Structure formats: structure tokens, C-alpha cells
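Remarks on the overall topology
Here is what each chain is made of, one letter per residue.
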Amino acid sequence: MDGLWLSDKILRLIRDKKEKTTQYVMQGSTTEKHDYHFMLGSYRVLEEMEDEIKEILDKGEQND
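Here's what I pulled together on the structure shown here. (Residues numbered from 1 in each chain as written. Predicted model: local features only at pLDDT ≥ 70, side-chain atom pairs only at ≥ 80, totals over all residues. Heavy atoms only, no water.)

For the rest of this paragraph, the subject is the overall build of the chain. On a plain count of helices and strands, the chain comes out with two helices and zero strands. Computed over its C-alpha atoms, the radius of gyration of the chain comes to 15 Å, more than 25% above the 11 Å expected for a compact globule of 64 residues. When its C-alpha atoms are laid out on the principal axes, the chain stretches across 50 × 15 × 15 Å. Counting over 64 residues, the chain shows a buried share of 16%. Accessible surface computed for the chain: about 5400 Å², of which carbon and sulfur atoms make up 53%. The chain carries 10 positive and 15 negative side-chain charges, and their two centres are separated by 4 Å. (Helix = DSSP H or I, 4+ residues; strand = E, 2+ residues; numbered from the N terminus. Rg over C-alpha atoms; globule rule 2.2 N^0.38 Å. Buried < 20%, exposed > 50% of the residue type's maximum accessible area, 1.4 Å probe, protein only. Areas by Shrake-Rupley, 256 points an atom, 1.4 Å probe, with all protein chains shown as cover. Lys, Arg positive; Asp, Glu negative; His and termini not counted. Charge placed at Lys NZ, Arg CZ, Asp CG, Glu CD.)

Within this structure, the stated rule accounts for six salt bridges. Here Arg12 makes a salt bridge to Asp8, at a shortest N to O gap of 3.0 Å. Here Arg12 and its partner Asp8 are both found in helix α1 (residues 3–26), four residues apart, which amounts to about one turn of the helix. Since its relative accessible area comes to 52%, Arg12 is described here as exposed. Residue Arg15 pairs with Glu50 through a salt bridge whose shortest N-O separation is 3.0 Å. Of the two residues, Arg15 sits in helix α1 while Glu50 sits in helix α2 (residues 33–63), which places them 35 residues apart along the sequence. (Salt bridge = Lys/Arg side-chain N within 4 Å of Asp/Glu carboxyl O.)

These figures come from the coordinates and say nothing about function on their own.
Right, dumping it as C-alpha cells:
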């Protein structure tokens with residue numbers, strides 16, 4: 001399994017989960033403050049993971 005293929009798949013999954021989280025919150029599906037904060041925290045974790053993966057890929061390109 002190619003590392004670039006795997007990282008692309010992971011990034012796609014993260015982006016999909018971020019989109020679903022955004023839709024869930026924007027549709028007003030979360031009426032409880034606790035739920036909203038949980039979803040916001042989940043979104044931030046996904047963003048952090050996405051940024052870390054992108055940084056690793058960028059470092060790999062610079063080393064090649």
C-alpha cells in the first residue's frame with residue numbers, strides 16, 4: 001500500500017467527517033450546549049489531525 005494513497009484516503013475521511021459535523025451543527029440538530037461544544041471539539045480535533053498529516057506530507061516532499 002502506497003503511503004501517499006493511504007494519506008489521501010485518511011485526509012478524505014477527515015474532510016468528510018468535518019463536513020458532516022458542520023452540516024449537523026448548521027442544521028440546528030444540536031440544541032443542547034453540551035452537544036454543541038462536543039461537536040465543536042470534534043471538529044477542532046479533525047482540523048488538527050488534517051494539519052498534522054499535511055505537515056508530514058510537506059516535510060516528506062521537501063526531503064525528496
